[in-house]
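Commentary on secondary and tertiary structure
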Amino acid sequence: MATLQRRNDRHQFADLFDWAEGLPSLFTVPATMRGVRIEEFTDDSKYVVRAELPGLDPEKDIKVEVANGMLTISATRLQEEHDGARSEFHYGTLTRRVLLPDGADEQAVVAKYAAGILEVTVPIAAKPAETRTITIEHTD
């Protein structure tokens, strides 16, 4: 009679996911975008981006920049060494860029960090620019 043997490793399923995550894919996310998960929404007259960045010091480890209609969130997480440790954390420099909506006021951006969540708020003009038709001159 055959007996079923279990691995004594409590991380057996996590190892499977690690293996699958390492497979090449047509939709591979660049290393600079891994680890920065965001949610974005428009609320009244503001655009809000929230980023998960737990365990970081916002004064030393996180940078928020706005230029030319693009919001850039950068963070650096240094790896801690532990003997016999296992980690699924992403280390190094993590960057996420988000295109701002039309009418975004880049001069009035506000960022707050609480409980591992970075929240960036960008005011939006009450009325976005209207589309207009441009007359084409015919020249010979």
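All residue numbers refer to positions counted from 1 along the written sequence of the respective chain. A pLDDT threshold of at least 70 governs which residues receive local features in this predicted model, and a stricter bar of 80 or more applies before side-chain atom pairs are shown or counted, although totals over entire chains, interfaces and linings include all residues. With hydrogens and water stripped out, all remaining heavy atoms of the structure feed into the side-chain values.

Here the focus is the overall build of the protein chain. Numbering goes from the N terminus for both helices and strands, where a helix is a DSSP run of H or I of at least four residues and a strand is a run of E of at least two. Assigned secondary structure in the protein chain consists of 1 helix and 7 strands. Buried, partly exposed and exposed residues are distinguished by accessible area as a fraction of the type maximum, computed with a 1.4 Å probe on protein chains only: under 20%, between the cut-offs, and over 50%, respectively. Every one of the 140 residues in the protein chain was classed for burial, and the buried ones make up 19%. Between two residues, a contact is recorded if the distance between any of their heavy atoms is within 4.5 Å. For the protein chain, the proportion of contacts with a sequence separation of at least 24, taken over those separated by at least 6, is 51%. Roughly 11,600 Å² of accessible area belongs to the protein chain as shown, and the carbon and sulfur atoms make up 51% of that amount. Surface accessibility follows the Shrake-Rupley procedure with a 1.4 Å probe radius. Residue values consider only the protein chains on display as shielding.

Walk down a regular strand and you will see the side chains alternate between the two sheet faces. Inspection of the sheet shows strand E1 (residues 38–43) paired to strand E2 (residues 46–52) by 6 bridges, in the antiparallel sense. Note that in E2 the partner of Thr-42 across the bridge is Tyr-47. Count of turn residues in the E1/E2 antiparallel hairpin: 2 residues, of which Asp-44 carries a positive phi of about 55 degrees. Bridging between E2 and strand E7 (residues 117–123) involves 7 bridges; their strand directions are antiparallel. Paired with Val-48 across the bridge in E7 is Thr-121. For two strands to count as paired, DSSP must find a minimum of two bridges between them.

So, about the sheet that holds E7. Strand order in this open sheet of 4 strands is E1-E2-E7-E6, and the pairing throughout is antiparallel. Unpaired on one side and paired on the other, E1 and strand E6 (110–114) mark the two borders of the sheet. Averaged over all pairs of adjacent strands, the angle between their axes in this sheet comes to 15 degrees, without regard to strand direction. Only C-alpha atoms enter the line fits that serve as axes; for helices the fit covers just the stretch in contact. Angles between N-to-C directions range over 0 to 180 degrees.

A few words now on the pattern of salt bridges. Here a salt bridge means any side-chain nitrogen of Lys or Arg lying within 4 Å of a carboxyl oxygen belonging to Asp or Glu. Applying the stated rule across the entire model yields 4 salt bridges. A salt bridge links Arg-50 to Glu-39; the nearest nitrogen and oxygen atoms lie 2.6 Å apart. Residue Arg-50 is found in strand E2, and its partner Glu-39 is found in strand E1; the two are separated by 11 residues along the sequence. The partly exposed category is assigned to Arg-50, whose relative accessible area is 27%.

Mapping Val-48 onto the fold places it in strand E2. The sequence separation of Val-48 and Thr-121 amounts to 73 residues, and the corresponding C-alpha distance is 4.6 Å. Discounting residues that sit within four places of it in the chain, Val-48 has contacts with Glu-39, Glu-40, Phe-41, Glu-119, Val-120 and Thr-121.

A few words now on the sheet that holds strand E4 (residues 70–77). Pairing is antiparallel across the open sheet formed by 3 strands, whose spatial order is E3-E4-E5. On the outer flanks of this sheet lie strand E3 (62–67) and strand E5 (92–99), each paired with one strand and no other. On average, each strand axis in the sheet is inclined to that of its neighbour by 15 degrees, with strand direction left out of account. Inspection of the sheet shows E3 paired to E4 by 6 bridges, in the antiparallel sense.

Okay, the nonpolar core next. Nonpolar core, defined: a set of buried Ala, Val, Leu, Ile, Met, Phe, Trp, Tyr and Cys residues in which side-chain atoms within 4.5 Å join the residues together. Tyr-47, Leu-53, Ile-73 and Leu-118 are the most contacted members of the largest nonpolar core, which totals 17 residues. Secondary structure elements with two or more residues in this core: E2, E4, E5 and E7. Apart from the residues within four sequence positions on either side, Leu-118 is in contact with Val-49, Arg-50, Ala-51, Leu-53, Ile-62, Val-64, Ile-73, Ala-111, Lys-112 and Tyr-113.

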